Amino acid sequence: MSLFSEKKFKSSVTGKELKYLYYSPDNAVNVPLIIYLHGAGSRESDLASLAHVGPIGELERGRKIPARIVAPQCHGDTWFELFETLVDFAEAAVNENGVDKKRVYLTGVSMGAFAAWQLAMTRPELFAALVPVCGGGMYWNAERLKNMPVWAFHGALDDDVYPEESIKMVKGINKSGGNAKITVFEKADHNAWDPAYALDEMWNWMFLQVNDLRWA
């Protein structure tokens, strides 16, 4: 946890607070931003519960991630109880000094992936790419993501969130002319996040995505 600072955000829209973990490379100027949304197992007041998973876990295991990372913590039953606050948090994080607005990436796992899908559909202009892991969303509204690169991940053996949830989202985007893809890990159950974030190919793909059209 020493790689991260613990911070608080207070929404000017809702008046609610979110605690979050913050990481930035040394002497970082104009760097990409990754917003990471955790799953249900990390709904606590202790930010240490966010450790070991996702971008945070990859940093702990020694991966060099050339980006600022912010990881807010949900203090409700679901992210959707705090959704307006989450949108405000994302907007504030994108507009902080030192962030390359053309390279803002959104990712989340399980409950956080459901929120990530919805956040991306709510404010698609903010993000250069979306990486949702074992989540799902309102596939009938997926056209809103037709201009956003998306790489979804799921476990074929997942019986907490069925892989069809991710598949329907990807199909909805591509049916609308979008550019989404999915990797289903044949031997993974609900924990598709460990193999997803361990993929060098995913990180390389993510950092290649640039939001030129929306921040021209």
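Heads up: the structure comes first, above all this text.
Residues numbered from 1 in each chain as written. Predicted model: local features only at pLDDT ≥ 70, side-chain atom pairs only at ≥ 80, totals over all residues. Heavy atoms only, no water.

Novice: I keep staring at the pairing of strand β1 (residues 5-10) and nothing clicks. Help me out?
Specialist: Judged from the six bridges that link them, β1 and strand β2 (residues 17-23) form a sheet pairing that is antiparallel. The residue of β2 that forms the bridge with Lys 7 is Tyr 20. In textbook terms, the turn of a hairpin is the stretch between consecutive antiparallel strands, and for β1 and β2 this stretch comprises six residues, one of which, Gly 15, has a positive phi near 80 degrees. (Pairing = 2+ DSSP bridges. Helix = DSSP H or I, 4+ residues; strand = E, 2+ residues; numbered from the N terminus.)

Novice: Mind showing me how you'd approach unusual backbone geometry here?
Specialist: Glycine aside, negative phi is the norm for most residues, and most peptide bonds take the trans geometry. Although it is not a glycine, Asn 30 adopts a positive phi angle of roughly 55 degrees. Structurally, Asn 30 is set in the loop between β2 and β3 (31-37). Positioned with a positive phi, Cys 134 is a non-glycine residue whose angle comes to about 50 degrees. Take Cys 134: it is sitting in the loop between β6 (129-133) and β7 (150-155).

Novice: How should I be thinking about the packing of helix α2 (residues 83-94) against helix α3 (residues 111-122) in this particular structure?
Specialist: Between two packed helices, what matters for the description is the angle formed by their axes and the separation of those axes. Following both chains from N to C, one finds α2 and α3 inclined at 65 degrees, their axes separated by 11 Å at the closest point. Taken as a pair, α2 and α3 cross one another with a handedness that is right-handed. Of α3, the residues touching α2 (which contributes Phe 83, Leu 86, Val 87 and Ala 90) are Ala 115, Gln 118, Leu 119 and Thr 122. Class assignment of the residues belonging to the contact of α2 with α3 gives a composition of six nonpolar, two polar and no charged. (Axes fitted to C-alpha atoms, helices over the stretch in contact; angles between N-to-C directions. Left-handed = near helix turned anticlockwise from the far one by under 90°. Contact = heavy atoms within 4.5 Å. Nonpolar A, V, L, I, M, F, W, Y, C, P; charged D, E, K, R; others polar.)

Novice: I would appreciate a short explanation of the pattern of salt bridges in the present structure.
Specialist: Side chains that differ in sign of charge can pair as their charged atoms come close. In the structure shown here, the tally under the stated rule is ten salt bridges. A salt bridge links Arg 123 to Glu 91; the shortest N-O distance between them is 1.7 Å. Taken together, the residues Arg 123 in the loop between α3 and β6 and Glu 91 in helix α2 connect sequence positions 32 residues apart. Notably, a salt bridge pairs Glu 165 with Lys 168, separated by 3.7 Å at the nearest N-O pair. Here Glu 165 pairs with Lys 168, and both are found in helix α4 (residues 164-175), just three residues apart, close to one helical turn. Residue class for Glu 165 comes out partly exposed when judged on its relative accessible area of 25%. Taken together, the salt bridges that share partners define one network made up of Glu 58, Arg 61, Arg 63 and Asp 200. (Salt bridge = Lys/Arg side-chain N within 4 Å of Asp/Glu carboxyl O. Buried < 20%, exposed > 50% of the residue type's maximum accessible area, 1.4 Å probe, protein only.)

Novice: Please explain the packing of aromatic side chains as it appears in this structure.
Specialist: Here the distance between the centres and the angle between the planes together describe a pair of aromatic rings. Inspection of the entire model under this criterion finds twelve aromatic pairs. Centroid distance Phe 4 to Tyr 23: 5.8 Å. Interplanar angle 50 degrees. Geometry classified as tilted. Highlighted residues: Phe 4 in the segment before β1 and Tyr 23 in strand β2, separated in sequence by 19 residues. The exposure classification of Phe 4 matches that of Tyr 23, with both residues buried. Ring centres 5.1 Å apart and planes at 70 degrees place the aromatic pair Tyr 20 and Phe 89 in the edge-to-face group. Of the two residues, Tyr 20 is situated in strand β2 and Phe 89 in helix α2; the sequence distance between them amounts to 69 residues. Phe 89 shares its class with Tyr 20; the two are buried. The rings of Tyr 36, Tyr 105, Tyr 197, Trp 203 and Phe 207 are connected pair by pair, giving a single aromatic cluster. Its guanidinium or amino end placed over the ring of Trp 151, Lys 181 lies 3.8 Å from that ring's centre, counting from NZ or CZ. (Phe/Tyr/Trp six-rings, centres within 6.5 Å; stacked < 30°, edge-to-face > 60°. Lys NZ or Arg CZ within 6 Å of the ring centre and 35° of its normal.)

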